[in-house]
Every structure is written in C-alpha cells, then in structure tokens.
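These are the residues of each chain, in order.
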Amino acid sequence: MNKPSIVKQLDEKDMRSLAGVGVMPGKDNYAATLVVRDQETAYVRSDHRDVELLPIAEAFKRYDWLKTEYSFKAVPAGYDEITRQCAAMERPIGYFIRVYKGAHVTLPCQTALYMATGGMDQAVHNIVILEEESELELITGCVSERRVATGRHLSVDEYYVGKNAGLTSTMVHSWGKQMQVFPRGGVIVEENGRYESNYISLSAAQLVKSDPQTYLNGKGASAQHLTVILGTPGSEIHTDGNVFLNAEDTNAELLHRGVCIGGKMYQGGLIIAKAPGRGHVDCAGMLLETKGDGFIQSVPGLQSHHPDARLSHEASIGKIVPEQLEYLMSRGMEEMEAVSMLIRGFLGADVIGLGDELDAQIAEIVEIAGHGEE
Amino acid sequence: MKTNILEVRDLCVAVGDKQILNHLNLEIPDGEVHALFGQNGSGKTTLMMTIMGFSGYDVTNGQILFKGRNIAELDVSERARLGMSIAQQRPPTVFGVKLRTILDYILRDTENPQERMTELAASAKMEDFLSRSINEGLSGGEIKRAELLQLIAMRPDFAMMDEPDSGIDIEALNVIGGLINQLFSPDETHPVKRKTGLIITHNGNILRQLHIDKGHVMHNGSIGCSGNPDIILDKVSRVGYEECVHCIETRCE
Ligand SMILES: Nc1ncnc2c1ncn2[C@@H]1O[C@H](COP(=O)(O)OP(=O)(O)OP(=O)(O)O)[C@@H](O)[C@H]1O
Ligand SMILES: [Mg+2]
C-alpha cells in the first residue's frame, strides 16, 4: 500500500555527494529514503509499514486533505519571494512523510535535496506529518555535487508534530562556494509534542538565509534547536528564526555554535512568549579568523507578552583559549590535534553523532586557520 | 653511578615583569622520587610549569636538561612525548572535551584501551566523571583525581605532581597513594626499580603512602635546602617555615 512508484538509480558520483552529508540510499538500516536530484525525484524506497514516504506531487494526488489542511499552513505561501516561487511550481518536487498514529519508528528516515547541476534553481516543498503518539528520526542531507559552484536552493519545509509525538530532525548542509540557500521552515507542535532540530552547516555557501518558524501550540509542547555552523571566507550565513510559546508549559531552547575562519556569521533566534512557557537562547561563537575580514554577530532575542513566561539568553564569542590548548598538548597532543579536539568539543560533535563527515570538515578548517596564523 | 633524568641549572624564570625563579639548581637521578616543600608563593608551581614548558613562564637564564637533552626549544607536547607529565595544581576547565576523550587519546596505543580505561577509572573512583567535560563542575578532590588519572594513564618516565594531597579526604588519599605507588613501581616483582618523580606537598600526607628519596625546600625562587624528606617535614611541621627560612638565610650569609 505504501510502495512508492518511482525507484531510479543514482550513480557513483551522486552516492559520494550524498555520503558527504550522511545520506546512504540502499542501506538497510533506514525506515525509508527519498532523494531529490535537481528538479526530479531520483530515488524512493520505503521499508516500514508505519511510515509513508512519497514524492510530494504523488501525495497531493492521493490525498485531497493534504492541500486543504496542511499545505502552506505552517509556512504561508505568500510569505516572501521564496515561498511564492515554491508555491508556484507546476509539478511540485519534494517529499511527503507521514508516520501513523502510535508508531514508534526506531530506524531513521533519510531524505536528500541534492543539486547535481549548477547554475539553476532547485525549489522544493516538503511536508512531514507525525500523527498522535508517533515518533520519528529524520535525517536530511542538503548538498551540491563537488563541481557545482553556483545555483540557488529554495525550500519550504512544513512539519506537523501531533499530540504526544516526537520528531528529531537532523539536517546537514554542504554547499558549493557560490550557492545561495533559502530554507523556509514552519513547524507546528501540538500538546506534549516534542520537536528537536539539529542543523549543521559543514561547508558554507555564499549566502544562507534560514528563518524557521516554530509554533508550540499545545500545552507542554517543546522545541530544541541546535545550530552548528562552520563559516569559511566568502560566506554569509544568517540563522534566525522565531519560536512561539503559544500555550502554557511550553519549553524552547535555542543553541547556536559557530566556528568562523572567515566570512560573515549571524547567529539569531527569537523566542516569543504569548503564554507562561520557558525559553532560553544560547549563542556561542569561536572566531579563528586572524585577517580581519570575518566576523560573528550574535543577537539572541526574547519577546514576552506574558508576565509568567520565563525567558533568558546568553551569548559569548571568543577564540581558542591558550590554557586549554596547552593543557591538551601536555597530554601529548600536537597543536593541530588539540585544536581539532577543542573545536569538536565546542561544537558538541559527540552529541550530533556525525563522525567522519564533521571530522573531515573540522580538519580542513583547522588547516586553514593554522595557515592564517603565520 | 645513576644518571640524572632531570637537571635544572641556574634557572631564572619571569612571569610577566616579575622574576619568580632565581638561579635555581636541581638534579633528580633516574629512578628517584623527590619532594618539594616551601611556603606559599615560593615558586614551586612555577618550577613545574616551566619544566613542562607552559607559556607565560619565560626562562631568562639557565637550562633545563631532560634525559641529557636541553629542552629549551621544545613545546609542551614535545616534552610530553619525551616522557614527562604533570598533574597540575590548578588545571583549566576544558569545555566540551570529556575526560573519556582525553583518556581515549592517551591510551590509543595500549592493548585493550577500553578495558584499561575502565580499570583505571574504577581504581581512581572516577567512573561517573568520564562523560563530563574536563574539570567542569568538579570538586577540589575530584580535580586531583582526574589529573592523576590522566597522568597515570600516560605512564610518564618523569611524573610531576603539584599538591596531589591538598584538600582531599582520607579515603581519597589512600586511593591516590595506591595509584601513585603503582605508577612509580609498575613492576611488582621489582619494586625498587622505580620511575622518577617530583611531588609538591604542604602537609606531607602523601609522603606517608610513598617512599621518597629526597626532599627540597624552596625559598625565594630557589632551592634553599635539600635532604632527608622526613626530617625536613618533621622540622617544618614542628617549627614552621619561619625557622626553616631563617636557617636557609643565615647559612647563605
Ligand atoms: N601568572 C602570574 N602572574 C603574576 N604572578 C604570578 C603568576 N604566576 C605566579 N605568580 C607569582 O609567582 C610567585 C610564585 O607562585 P607559585 O604559584 O609558583 O608559588 P607556589 O610555591 O606554588 O605557591 P603555593 O604553595 O601557594 O601553591 C607568587 O608570588 C605568585 O603570585
Ligand atoms: Mg603552587
């Protein structure tokens, strides 16, 4: 019943690009997999009876309610130029995921938005629905092929987390140096629902403007966002977004971790309390840039409409602390090894669980930062 | 005749504008464990940090020879890999880096590293702290144990310990004493054949657990007096450093 109709082949080059952001089509330890390549669905596989994964166009055909109840409800179609372009697609591209009521899917579901051809726009619309009491881990890789330098990626991501449901979303970006990336996300969380999002940008595009809106609408709903950015020269990365505490006992935590060796990095995020909930924003930046053309700007924000809401924020920007570096070196580590270990620790790499891909990127950053000091 | 694993010759060290070590001389023969005494601020920690090669301690005169080699040009990590290690008096907190991560690194080339780590952590009663950031939120005594745990895992030829016995309870002292003994006499069948060490202590508690070959009293940035560690400690604990200092100063004249 859930069997999708499209299964295409990805070539070796595609697989290599996808592996770089932790997406491995064909592996068995996933509940379902879908890959969008350029402006077509290139791979679909679904192995789990409780997870429905379809190309979005097919889902629209199958379910009338998708259009009327979900599509462009968490992200307004007319929000900006990006959403308008996504809404205007004649043949929408993207994925639809539905986890049935009460299903605890233990294997992760993986999706990829992959650009194999340069110089074009990739516009996608994704909808994820977790019915009541269900649980899902979603891994999304957004990547361009190694030789693709230019292009734009536009996306509308709408996630609906039902009552007592839990969604963990890990999104890894790795883009070509002159790409422009505009994700528009909207997440609606119902009573006691839990939304956890990890956003990791390994290889920075020329311009990233991410502005997700999270609505904690049900009592006891919670959201935790971890944003990890490695900023390189020539990049400009904005990670903003609002979290609305719309019901009592809601809880939001926004964590930003950025390492900058060049380029412009803007850490933002605003928690808006309309009910007695709790919120905390924590921005931390590590500036390894020494030539003066890179910066980190941290602006954690709070807005309260309710006297019983408890909101707080903190922010700090610094460099590698020499005492910590020498401490690790006194255990026998070479300087570069110690720098890597400190960056990994700072980014909470263990928590994200992105072993090799992240390590490779950190190694590159350390290399560049090391040369910068001479 | 034994060779000296460490020789400090006519060493002067400045921290910022302030000269702290003053033409200091010290020799530690291979296989001996020495104790370092001295008033607060006499320069004990400065000496150890300088030997280890930490920045901020500027050698303005003299030399440090380790295993017969002048180590002036070596950085901290090169010195560590040459076989020296330190358990610091006041180590920094290293946010995000877990004790387990460092131990993984230290033990990477040993056989069964995971077993060895578990065993070491258990013997130091530090199992619960492996997943915490280095020294983050640890009590004074826990920091000492974490430092010693790493130092022991490194199995250095020359181990420096800066007040391993300050601010810890009696039970922990026994644990630490056992660990240090194991470090210095790794071969139980040949306990006399030992590794080399230098231990700073004020209360001498740790000395009751170990065999110390020689004691030194530091005064004004140099070694004022050397001799039997028990006699020195006995004297200091009865009459205090005042008299010790007086003795050193009058002898100098
Ligand atoms: N970073 C520093 N900046 C300024 N002065 C310093 C610094 N480090 C050490 N000193 C000074 O050098 C002197 C020796 O300090 P050191 O820490 O070596 O003493 P110590 O013998 O280990 O004392 P204690 O028994 O209290 O540990 C002290 O007067 C101390 O204030
Ligand atoms: Mg000291």
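All of these numbers come straight from a predicted model, not from anything done at the bench.

Reading guide: rules and limits
Residues numbered from 1 in each chain as written. Chains lettered and ligands numbered in written order. Predicted model: local features only at pLDDT ≥ 70, side-chain atom pairs only at ≥ 80, totals over all residues. Heavy atoms only, no water. Near = heavy atom within 4 Å. Polar contact = N/O pair within 3.5 Å; in protein donor to acceptor, adjacent residues only side chain to side chain. Areas by Shrake-Rupley, 256 points an atom, 1.4 Å probe, with all protein chains shown as cover. Helix = DSSP H or I, 4+ residues; strand = E, 2+ residues; numbered from the N terminus. Nonpolar A, V, L, I, M, F, W, Y, C, P; charged D, E, K, R; others polar. Contact = heavy atoms within 4.5 Å. Buried area = accessible area lost by both parts, 1.4 Å probe. Salt bridge = Lys/Arg side-chain N within 4 Å of Asp/Glu carboxyl O. Pairing = 2+ DSSP bridges. Buried < 20%, exposed > 50% of the residue type's maximum accessible area, 1.4 Å probe, protein only. Phe/Tyr/Trp six-rings, centres within 6.5 Å; stacked < 30°, edge-to-face > 60°. Lys NZ or Arg CZ within 6 Å of the ring centre and 35° of its normal. Axes fitted to C-alpha atoms, helices over the stretch in contact; angles between N-to-C directions.

Concerning the site of ligand 1
Residue and element names in this part refer to chain B.
Point 1. Around ligand 1, the structure places 14 residues, and the nearest of them are Gly-41, Lys-44, Thr-45, Thr-46 and His-202.
Point 2. Side-chain polar atom of His-202 to an oxygen atom of ligand 1: 2.8 Å apart, as the coordinates give it.
Point 3. Coverage of ligand 1 by the protein amounts to 64% of the 630 Å² it exposes when considered alone.
Point 4. Every element with two or more residues in the shell around ligand 1 is listed here: strand E2 (18-29) and helix H1 (44-52).
Point 5. Top element by residues in the shell around ligand 1 is H1. It accounts for three residues.
Point 6. Broken down by class, the residue content of the shell around ligand 1 amounts to two nonpolar, nine polar and three charged.

Things to note about the interface of chain A and chain B
Point 1. Each partner contributes to the interface: chain A provides 16 residues, whereas chain B provides 29 residues.
Point 2. Ranking the residues of chain A by area buried against chain B places Glu-326, Tyr-327 and Arg-331 of chain A at the top, with a combined share of 38%.
Point 3. Put simply, chain A and chain B have two salt bridges between them.
Point 4. A salt bridge links Arg-331 of chain A to Glu-147 of chain B; its shortest N-O distance comes to 3.1 Å.
Point 5. Counting across the interface, chain A meets chain B through eleven residue pairs in polar contact (both at pLDDT 80 or more).
Point 6. For the side of chain A that touches chain B, the elements supplying multiple residues, two or more each, are helix H5 (322-329) and helix H6 (335-347) of chain A.
Point 7. No other element matches the six residues that H5 of chain A contributes to the side of chain A that touches chain B.
Point 8. Its residues assigned to classes, the side of chain A that touches chain B comprises six nonpolar, four polar and six charged.

Brief notes about the pairing of strand E13 (residues 213-216) of chain A
All names here are of chain A.
Point 1. As defined by bridge partners, strand E10 (residues 178-189) adjoins E13 across four bridges and the pair is classed as parallel. Each bridged residue has a counterpart across the sheet, and for Ile-188 the counterpart in E13 is Tyr-215.
Point 2. Alignment of E13 against strand E16 (residues 242-245), held across four bridges, turns out to be parallel. Pairing of Thr-214 across the sheet is with Val-243, part of E16.

Describing the pattern of salt bridges
All names here are of chain A.
Point 1. According to the stated counting rule, one finds 24 salt bridges over all chains in the structure shown.
Point 2. Put simply, Asp-80 and Arg-184 hold a salt bridge, and the shortest N to O gap is 2.6 Å. Here the residue Asp-80 occupies a position in the loop between helix H3 (64-70) and helix H4 (81-87), and Arg-184 occupies one in strand E10, the gap between them amounting to 104 residues. This pair shows no difference in class: Asp-80 is buried, exactly as Arg-184 is.
Point 3. A salt bridge links Arg-152 to Asp-121; the shortest N-O distance between them is 3.1 Å. Of this pair, Arg-152 sits in strand E8 (residues 150-161) while Asp-121 sits in strand E6 (residues 121-130), placing them 31 residues apart in sequence.
Point 4. Connected via shared salt-bridge partners are Glu-52, Glu-58, Arg-62, Arg-98 and Glu-131.

With respect to the packing of aromatic side chains
All names here are of chain A.
Point 1. The full count for this structure, using the stated rule, is nine aromatic pairs over all chains.
Point 2. Taken together, a centroid distance of 6.1 Å and an interplanar angle of 70 degrees make the contact between Tyr-159 and Tyr-195 edge-to-face. Placement of the pair is Tyr-159 in strand E8 and Tyr-195 in strand E11 (residues 194-203), with a sequence separation of 36 residues. Across the pair, Tyr-195 and Tyr-159 agree in class, each one buried.
Point 3. Aromatic ring contacts, followed pair by pair, group Tyr-63, Trp-65, Tyr-70, Phe-96 and Tyr-160 into a single cluster.
Point 4. Note that Arg-98 overlies the ring of Tyr-63, its terminal NZ or CZ placed 5.0 Å from the centroid.

Side note on the side chain of Ser-201 of chain A
Point 1. Topologically, Ser-201 of chain A is positioned in strand E11.
Point 2. Ignoring anything within four residues of it in the chain, the contact list for Ser-201 of chain A reads His-173, Val-228, Ile-229 and Leu-230 of chain A.

A closer look at the sheet that holds strand E9 (residues 166-174) of chain A
Residue and element names in this part refer to chain A.
Point 1. What the ten strands build is an open sheet, ordered E2-E1-E5-E7-E9-E11-E14-E17-E20-E23; its pairing is mixed. Sheet topology places strand E2 (40-46) and strand E23 (310-318) at the edges, where each strand pairs with a single neighbour. Sheet twist, expressed as the average angle between the axes of neighbouring strands with direction ignored, equals 5 degrees.
Point 2. Here E9 pairs with E11 via nine bridges, running parallel.

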